[in-house]
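# Fold and contact review
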Amino acid sequence: MERSRLTKGTVITLIISILWLFPLILIFINSFKSDSEILNHFLELPKKLDFSYYAETWTKFGFPKLIANTLLYTVCTVLIVVLLAPLAAYYLERHKKERRCRIAFSLIILPIMVPFQSYMISLTRILGNIGLNNTKTGYILVSAGLCMPLAVFMIHGYINTIPIELEESAYIDGAGKVRTYFSIVLPLLVPILTTVVVLDALATWNDVITNQLVVGSNEAAINMQNALYMKFSAQTSDWSHALPGTVMSMVPSLIFFIFMQKYIISGATSGAVKG
């Protein structure tokens, strides 16, 4: 009976997984077809695996430049968040009894609860006034700023599980606050920092709205997702290049997620089981 239940559960899970992945499967299947074949035989397997559309899309879009831009944004965003978020979270958590720190923490995590659409117009006006609209620097700063609240919130909760006695022992041994942070606290934050890195890297790599909002149609600064969005929309029908481009943009993030998913789970749960 137990084995039968496990088998049924496995079958149900497999069916649900296939249904969930069905849109991605269709994108991959149709990425080898011509426009006419996509329109007339969308649900059928391709007659042959024609990689010429991938080669044409790679050249037509200038994918090397798009990849370089997207990688630059991802790396810079993650570095800024990883450098600043732990410092802010550590200070705010260790001084949480102070009213100013409680207020500061509430203000930092406020964007998590406020829809981005409610302040995106103000954001573009601010960037325009300081000359950062349509620039790579402006987009990196905005991207890091949008990722910062959740990172601080996650790290803040994790630091709460680290015994403060470890830091007090370091102070007794003569270590200063800076040395204690880098030698004691920061190494203990590796699990949650890994989770933050993965989540922010995926969010930045797959971003469309913010990149379009900040850099607009500046071809020198757009990322892959923005380029796909601008080239292929409801007004165009060049799907024989749109779908290969979509697949190529998804492959790096999928591979990254597959290899890093265990760190997301371990980092997100380890803070909940420590006491």
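Model, not experiment: these values are computed from the prediction.

Glycine aside, residues mostly have negative phi, and peptide bonds are mostly found in the trans state. The residue N134 is not glycine, and still its phi comes out positive at about 60 degrees. What makes N134 partly exposed here is its relative accessible area of 41%.

Our next topic: a nonpolar patch on the surface. Together, L14, I18, W20, L21, F22, L24, I25, F42 and L43 give the surface a local cluster of nonpolar side chains, amounting to about 930 Å² of exposed area. Along the polypeptide, L43 turns up in the loop between helix 2 (35-40) and helix 3 (52-61). Accessibility expressed as a relative area gives 65% for L43, which makes it exposed.

Attention now moves to the state of the cysteines. Within this structure, the stated rule accounts for 0 disulfides. In this structure C76 is not part of a disulfide, and its nearest cysteine sulfur, from C147, lies 13 Å away. The partly exposed category is assigned to C76, whose relative accessible area is 23%.

V81, A85, V152, I155, I159, L189 and I192 are the most contacted members of the largest nonpolar core, which totals 24 residues. For this core, the secondary-structure elements that each account for two or more residues are helix 4 (63-94), helix 5 (99-113), helix 7 (136-159), helix 9 (177-188) and helix 10 (190-205). The dominant element in this core, judged by the number of residues it contributes, is helix 7, at 9 residues. Those residues in contact with I155, other than ones at most four positions away along the chain, are A85, P86, A89, L189, I192, L193 and V196. With 23 residues, the next largest nonpolar core counts Y73, W205, L228 and V247 among its residues.

Before going further, it helps to examine the pattern of salt bridges. Taken as a whole and assessed by the stated rule, the structure comprises 4 salt bridges. Ionic pairing is found between E93 and K96, a salt bridge with its closest N-O pair at 3.0 Å. Members of the salt-bridge network, linked through shared partners, are E93, R94, K96 and E167.

Once that is clear, we can look at the environment of L45. With respect to the secondary-structure elements, L45 resides in the loop between helix 2 and helix 3. Given a relative accessible area of 64%, L45 falls into the exposed group. As a C-alpha pair, L45 and K33 span 12 residues in sequence and 9.0 Å in three-dimensional space. The contact partners of L45, leaving out residues within four places of it in the chain, are I29, K33 and E37.

This part covers the side chain of H156. Locating H156 in the fold gives a position in helix 7. Residue class for H156 comes out buried when judged on its relative accessible area of 14%. H156 has contacts with A89, L92, E93 and F105, leaving out every residue within four places of it along the chain.

This part takes up the packing of aromatic side chains. By the definition in use, this model includes 10 aromatic pairs. Seen from their ring centres, F28 and F32 are 5.3 Å apart, and the 90 degrees between their planes marks the pair as edge-to-face. An aromatic cluster is defined as three or more aromatic residues linked by ring pairs; in this entry it consists of F28, F32, F51 and Y54.

Further remarks concern the confidence of the model for the protein. Close inspection of predicted coordinates is inappropriate for parts of the model with low pLDDT. For the protein, per-residue confidence averages 86 on the pLDDT scale, and residues scoring 70 or more make up 91% of the total. Averaged pLDDT values for the elements of the protein fall to 76 in helix 13 (residues 239-273) and rise to 95 in helix 4.

Inspection of the secondary structure assignment puts E93 in helix 4. Among the polar contacts listed, one links the side chain of E93 to the side chain of R94, at a separation of 2.7 Å. If near-sequence neighbours (up to four positions away) are discounted, E93 is found in contact with H156, I159 and N160.

Calculation criteria
- Residues numbered from 1 in each chain as written.
- Predicted model: local features only at pLDDT ≥ 70, side-chain atom pairs only at ≥ 80, totals over all residues.
- Heavy atoms only, no water.
- Buried < 20%, exposed > 50% of the residue type's maximum accessible area, 1.4 Å probe, protein only.
- Patch = residues over 30% accessible without salt bridge, like charges linked within 9 Å, V, L, I, M, F, W, Y side chains within 5 Å.
- Areas by Shrake-Rupley, 256 points an atom, 1.4 Å probe, with all protein chains shown as cover.
- Salt bridge = Lys/Arg side-chain N within 4 Å of Asp/Glu carboxyl O.
- Helix = DSSP H or I, 4+ residues; strand = E, 2+ residues; numbered from the N terminus.
- Disulfide = S-S within 2.5 Å.
- Core = buried A, V, L, I, M, F, W, Y, C linked by side-chain atoms within 4.5 Å.
- Contact = heavy atoms within 4.5 Å.
- Phe/Tyr/Trp six-rings, centres within 6.5 Å; stacked < 30°, edge-to-face > 60°.
- pLDDT = per-residue confidence, 0-100.
- Polar contact = N/O pair within 3.5 Å; in protein donor to acceptor, adjacent residues only side chain to side chain.

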